[in-house]
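# Residue-level structural notes
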Amino acid sequence: MKIVVVGSGAREHAIAWKTAASPRVSALYCAPGNAGTAKVATNVAIAADAIDDLVEFIQKEGVDMVVVGPEVALSLGLCDKIAQRCSGAGTICFGPSRAAAQLESSKAFAKNFMKRQGIPTADFRIFTSFEKARDFIADAPWPFVIKASGLASGKGVFLPGSPEEAAGILASLLRDRKMGEAGGEVVIEERLQGEEISLLAFCDGRHISVMPPSQDHKRLLDADEGPNTGGMGAIASGPHRHSAAVKEMAAQFLQKACDGLRSEGREYRGVLYAGLILTPQGPKALEYNCRFGDPEAEAILPLLKTDIVDIFEACAHGQLDSLPIEWEEKYSACVVIASRGYATDMPQQDSREVVDHNSPCPDEIIFHAATRIRSGKVIAQGGRLLCASAWADTLDAAIAKAYSLVTRIDIAESQYRHDIGAGKNFLRRSPEAYSRAGVDIAAGDKAVELMTAAVKSTYGKEVLAGIGSFGGMYDIEGLKSMRHPVLVASTDGVGTKVKLAAQSGRYAGVGRDLVNHCIDDILVQGARPLFFLDYFATSRLKPAIVAEVVSGMAEACKASECALIGGETAEMPGVYLPDEFDIAGTIVGVVEKDQRLPEDILCAGDLIIGLASNGLHTNGYSLARKIFGEKEIAEYSQALGMPVIEALLACHRSYLPVVWPILRDKPGMIKALAHITGGGFEGNIPRVLPSDLDAHIRCGSWPVPPIFTLIMERGRVDAAEMHRVFNMGIGMTAIIAEADREDFMRRTGETCYVIGSLAAGKGEVIMEGIEK
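A brief structural summary. (Residues numbered from 1 in each chain as written. Predicted model: local features only at pLDDT ≥ 70, side-chain atom pairs only at ≥ 80, totals over all residues. Heavy atoms only, no water.)

### Some details on the packing of helix α22 (residues 656-665) against helix α26 (residues 741-748)
So the rule is basically this: Only the contacting stretch of a helix is used when fitting its axis, a line to C-alpha atoms as for every element, and angles between N-to-C directions run 0 to 180 degrees. Helix and strand assignments come from DSSP, with helices taken as H or I runs of at least 4 residues and strands as E runs of at least 2, each series counted from the N terminus. Throughout this description, any angle smaller than 35 degrees is read as roughly parallel, any larger than 145 degrees as roughly antiparallel, any in the 65 to 115 degree range as roughly perpendicular, and the remainder as oblique. By the definition used in this description, the sense in which the near helix is turned from the far one sets the handedness, with an anticlockwise turn below a right angle giving left-handed and a clockwise turn giving right-handed. Contacts: residue pairs with any heavy atoms within 4.5 Å of one another. Any residue outside Ala, Val, Leu, Ile, Met, Phe, Trp, Tyr, Cys, Pro, Asp, Glu, Lys and Arg is labelled polar, Gly included; the first ten of those are nonpolar and the last four are charged.
Remark: α22 packs on α26, axes separated minimally by 9 Å, with the N-to-C direction vectors making an angle of 130°. The orientation of α22 relative to α26 falls into the category oblique. Seen from above, α22 lies across α26 with right-handed handedness. Between α22 and α26, the contacting residues are Val658, Ile662 and Asp665 on the first element and Phe744, Arg747 and Thr748 on the second. Here the contact of α22 with α26 is composed, by residue class, of three nonpolar, one polar and two charged.

In structure tokens form, the structure reads like this:
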């Protein structure tokens, strides 16, 4: 068969790469293609939106099949023109008609379609008038998102942080037409909270076949900061395709959409993509796309085992139900490399050479996007340049391999996210957590079954007995290289933060909180963690919840090279209220005896360095919950730029990655560490002070995160009390000699603050700059 793949991005390279593997292909073309597609196909210099030229080429070359990658060609009716002008020659087109593709090309159409078909989605309003839209947002009934209705290459979604910003966005779209026709109509919809997933399926007009679910990262920068983009990376999971949750969502959002389009005379053939959000009220549709996602395709297609040409043909002929489609039972990850300036107002860089030092490997590949070949060299120029994809038996292994690919590529003035896969709990949970949680077996055994894989991922050769045993066993032979090892142990919990976790239905975070809190408690004594044990108690065991909490613990343990070797799960009806639970943990670490902290060489003039916190961490939640009612906690805060619950549930930070390298490489530089937990500065720093020195803390010498300002204002809490209850933005303090200041700051690799110093006194903390 002669096949044309339309498009020039990494998605089209992935499609062409998979298509080229089919023995049925006699000639493969890409229009216009890129430097990557040139390795597997013949590039043709015809743009994806030049549909008349494309049809002419198809007729001239006697092409048998056309596979449409980008949405623009679909919205212009390429498949319709092929049906009109090439069907006599037997040419088939993999992609929906222009009428069916309106599901993506018009968000206004899509929202009304979902409403007509009873597909769960956010409440919304549609506007073409700037004045009417501006008046609506002045008194909107819910926190909102603004979306350009037309095609915007993934950049038409705006999350304003203030009413003024929202009005400016509306003016730029509706009045100034900064996005042209795409922004001439806007959808203002309720801003939903929850984890997002992408669910794609092949569709033949009547039947669907679901692909492995995926999760992408839309924001430009780490920790989901920066502007929205077309996508900076994605992960996908073959095993999750079988879960009950995925099957239910496929029926509710994909099959129902397929049936609805057919009932409205818009029979759909191609790839149907549902962007979903998992809210406390259940999954809801954020959007539909009418093609492979980008970068989702680069994560999903490497897992496909069935000949993709057979699939394209079955979809075109309405025979998908007769073709079994097989996928690898593996995980995949892809990391996008983009130009500096991408998705911002900064000018993108001039063309420059791409140097790829990677050797061919059967389970990894570099997909090209904005690249071309010039004088035998690969040249990059544009926004998204390359996508490094890898697949493996575990998600973490796939992510690690993808990043290994990235490090062996040289492109001047480029950037990528360093946290692809982070925070994507849906694909990190065991698939069985969804498909078997309701099975009638002993709940305790079920919880163990669901969490086993996550827990065992933390094991090294030192763990001789772990989960499921009467007790954990840890081989300390590895400590023989130490001169005089001392074990350090600590036990703690996360307080009433668990109530917020239960209220929001987000459980993994408190598992990470617990481990990180305990790590910091032994780190202040100079110790690195060895192993961890947990305790989970509740009124009635719900295996999926237990598994999610413990999986969060395992994730934090693994990040710190700490083994989660055991724990206890207790069901105690009558002790806890329905749906309530509590957790606690014990950690054991090790330190050389002569490197224990605090050292006894503290002296007047030593500096107190503050390391930033992520928020409340694990203390002050009783007061915070009293100040914010249950309704207000769930609401969006303009001051925070997010719902209050998001700020309150921000994960407790582990300071091990910052502090341990300094303790290891420069022993003696850090004289003392204090973990700022319950009691604030006054309750924690005295633990490391000698009786003849005071710690003077200069309030105002570091930026206080807005969540603390909001608590102070809403609760009318005075500054002195705030500093006694909360960490106020400083989660760890280090005491160092003034002479080591510059070296210490450099070694931390982050912005930290000189917040005070030691002076002669009585072992107390003096808070300067606030009234008692």
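### Here we look at the sheet that holds strand β4 (residues 65-68)
Basically, it comes down to this: In this description, strands pair whenever DSSP reports at least two bridges between them.
Taking strand neighbours across the sheet as the criterion, the five strands line up as β3-β2-β1-β4-β5 in an open arrangement whose pairing is parallel. In the strand order of this sheet, the two ends are held by β3 (42-43) and β5 (92-94), each with one partner. Looking at chain direction, strand β2 (residues 27-32) and β3 are connected through two bridges and run parallel. In the sheet register, Cys30 faces β3, and the bridge partner there is Asn43.

### A closer look at the nonpolar core
Generally speaking, a soluble globular protein has its nonpolar side chains buried in company with each other. Using the following cut-off: Residues enter a nonpolar core if they are buried and are Ala, Val, Leu, Ile, Met, Phe, Trp, Tyr or Cys, with the set joined through side-chain atoms within 4.5 Å. Accessibility here uses a 1.4 Å probe with only protein chains present; expressed as a share of the type maximum, an area under 20% marks a residue as buried, one over 50% as exposed, and anything in between as partly exposed.
By size, the foremost hydrophobic cluster in this structure holds 79 residues, and its most contacted members are Leu78, Leu103 and Tyr288. Top contributing element to this core by residue count: helix α9 (residues 244-263), with nine residues. Setting aside residues no more than four positions away along its own chain, Leu103 makes contact with Phe109, Ala110, Phe113, Leu261, Leu272, Tyr288 and Cys290. Judged by nonpolar contacts, the second largest core, of 51 residues, contains Ile519, Leu656, Leu663 and Met732.

### Focus on the environment of Gly761
The topology assignment puts Gly761 in the loop between β39 (753-760) and β40 (765-768). When its relative accessible area of 27% is taken as the criterion, Gly761 is described as partly exposed. On a C-alpha basis, the gap between Gly761 and His696 in space is 9.9 Å, while along the polypeptide they are 65 residues apart. Apart from residues no more than four positions distant in its own chain, Gly761 is found in contact with Ser691, Asp692, Leu693 and Asp694.

### Here we look at unusual backbone geometry
Ala31 connects to Pro32 through a cis peptide bond whose omega is 0°. Note that the residue after Leu597, namely Pro598, is joined by a cis bond; omega there is 0°. Position of Pro598 relative to the elements: it lies in the loop between β32 (581-592) and β33 (607-612). The backbone of Ala223 sits at a positive phi, close to 60°, despite the residue not being glycine. Exposure remark for Ala223: the relative accessible area of 55% places this residue in the exposed category. One non-glycine residue with positive phi stands out, namely Ala343, at about 65°. Mapped onto the fold, Ala343 is located in the loop between β18 (331-339) and β19 (352-353). Looking at Ala343, the relative accessible area reads 22%, which means it is partly exposed.

### Some details on the side chain of Asn289
Mapped onto the elements, Asn289 comes out in strand β17 (residues 282-289). Asn289 sits in the buried class, given a relative accessible area of 7%. Every residue in contact with Asn289, bar those within four places of it in the chain, is listed here: Glu104, Tyr268, Val271, Leu272 and Tyr273.

### Some words on the packing of helix α17 (residues 508-523) against helix α18 (residues 543-559)
The contact between α17 and α18 brings their axes to 6 Å, and the two run at 40°. On the basis of the axis angle, α17 is oblique to α18. Relative to α18, α17 is oriented so that their crossing is right-handed. Two secondary-structure elements touch here, α17 through Ala508, Val510, Gly511, Arg512, Leu514, Val515 and Asn516 and α18 through Glu548, Val549, Gly552, Met553, Glu555, Ala556 and Cys557. Looking at the contact of α17 with α18, its residues break down into eight nonpolar, three polar and three charged.

### Topic: the pairing of strand β38 (residues 730-736)
Taken residue by residue, a regular strand's side chains alternate between the two faces of the sheet. Counting buried positions along β38 yields seven of seven residues, so the element is predominantly enclosed. Looking at chain direction, β33 and β38 are connected through six bridges and run antiparallel. Across the sheet, Leu611 pairs through a bridge with Met732, a residue of β38. Across five bridges, the pairing between strand β36 (residues 670-675) and β38 is antiparallel. Each bridged residue has a counterpart across the sheet, and for Ala672 the counterpart in β38 is Ile735.

By themselves, these are just geometric observations and shouldn't be taken as functional.
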